[in-house]
Amino acid sequence: MTDIAQAEKTKIHEGKEADHHPYFRPKDAATLILVDRSGTIPKVLVGKRHDKVVFMPGKFVFPGGRVDKADYRVPVAAPITPELEANLAKGSPKTPPSRAKSLAIAAIREACEETGLCLGRKADVKAKLDGNWKPFADAGLLPDPSSLFLIARAITPPGRVKRFDTRFFTADASAIAHRVDGVIHADAELVELVWVELGSKPLADLHPMTRNVLNELDARLATGPLRHDAPVPFFHFYAGKMQKDILG
């Protein structure tokens, strides 16, 4: 489920997110931004929401959602890189390796659930995967988080019914190993998938926080190949205003 879909459940009758609730501890979440750099201008994959939904009808979103308990124990084709694990550990308190893995795995699972695109690798030994991971098992794949890069971390403002501590990952389109048919259709949460050039009009309607993250990705892509040693921004709110720090 996307972070947008989660937010949909928290609206009050005017359509605005409630912002007067007691403190709720943010839940771990992950978002995946897939990038196609085969052309002159990089493109990112976005899904178009159904026109009939109440919250952000017809808008474009990135796949993402909460970490599931199962994400901690899913077997993988390759571990996350030490550099990615180190980036995920930054901040206070430190994120332990098991939690870092679960965040990366959640991003892959959510992308497959919502878009039908699976980042994986052929498994040498058949693993038992069921539930939301069944598409990987059917294709003889295990999820492969080794191609992921951390772009940013963001925490939903306090006072909301639903709060998320979201890590935004990116991966190159070449990491897509399998496509599940039938996920995108006229009655689904996402009715269309589109590769959109960075800086184009459809991306202007993204959630403001997501636009901040996308600007970070755009800046990093402009410098060349993605690297794990690039600064990772942390967006959060203090005294009612958004702050941008660098994780360290």
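Presented here is an overview of the structure given in this document. Not measured: the values here are computed from a predicted model.

1. Quick word on the state of the cysteines
- With the rule as written, the count across this model stands at one disulfide.
- With its sulfur 2.3 Å from that of its partner, Cys112 forms a disulfide with Cys118. You'll find Cys112 and Cys118 in the same group, each marked buried.

2. Overview of the pattern of salt bridges
- For the structure shown, the criterion picks out 12 salt bridges.
- Notably, a salt bridge pairs Asp144 with Arg121, separated by 2.9 Å at the nearest N-O pair. You can see Asp144 sitting in the loop between strand 6 (141–143) and strand 7 (149–155) and its partner Arg121 sitting in strand 5 (residues 117–122), a full 23 residues away along the chain.
- The exposure class of Asp144 is buried, given its relative accessible area of 9%.
- Residues participating in the shared-partner salt-bridge network are Asp28, Arg99, Arg153, Asp165 and Arg167.

3. Comments concerning the pairing of strand 11 (residues 233–238)
- For strand 7 and strand 11, the ladder comprises two bridges, and the chain directions are parallel. When the sheet's bridge partners are listed, Arg153 is paired in strand 11 with Phe234.
- Relative to strand 12 (residues 241–246), strand 11 runs antiparallel, the two sharing six bridges. Bridging from a neighbouring strand, Phe234 pairs with Asp245 of strand 12.

4. Points about the side chain of Asp28
- Here Asp28 lies in strand 1 (residues 27–36).
- A relative accessible area of 15% places Asp28 in the buried class.
- At 2.7 Å, the side chain of Asp28 forms a polar contact with the side chain of Arg99.
- Not counting residues within four places of it along the chain, the set of residues in contact with Asp28 comprises Arg66, Val67, Tyr72, Arg99, Leu103, Asp165 and Arg167.

Calculation notes
- Residues numbered from 1 in each chain as written.
- Predicted model: local features only at pLDDT ≥ 70, side-chain atom pairs only at ≥ 80, totals over all residues.
- Heavy atoms only, no water.
- Disulfide = S-S within 2.5 Å.
- Buried < 20%, exposed > 50% of the residue type's maximum accessible area, 1.4 Å probe, protein only.
- Salt bridge = Lys/Arg side-chain N within 4 Å of Asp/Glu carboxyl O.
- Helix = DSSP H or I, 4+ residues; strand = E, 2+ residues; numbered from the N terminus.
- Pairing = 2+ DSSP bridges.
- Polar contact = N/O pair within 3.5 Å; in protein donor to acceptor, adjacent residues only side chain to side chain.
- Contact = heavy atoms within 4.5 Å.

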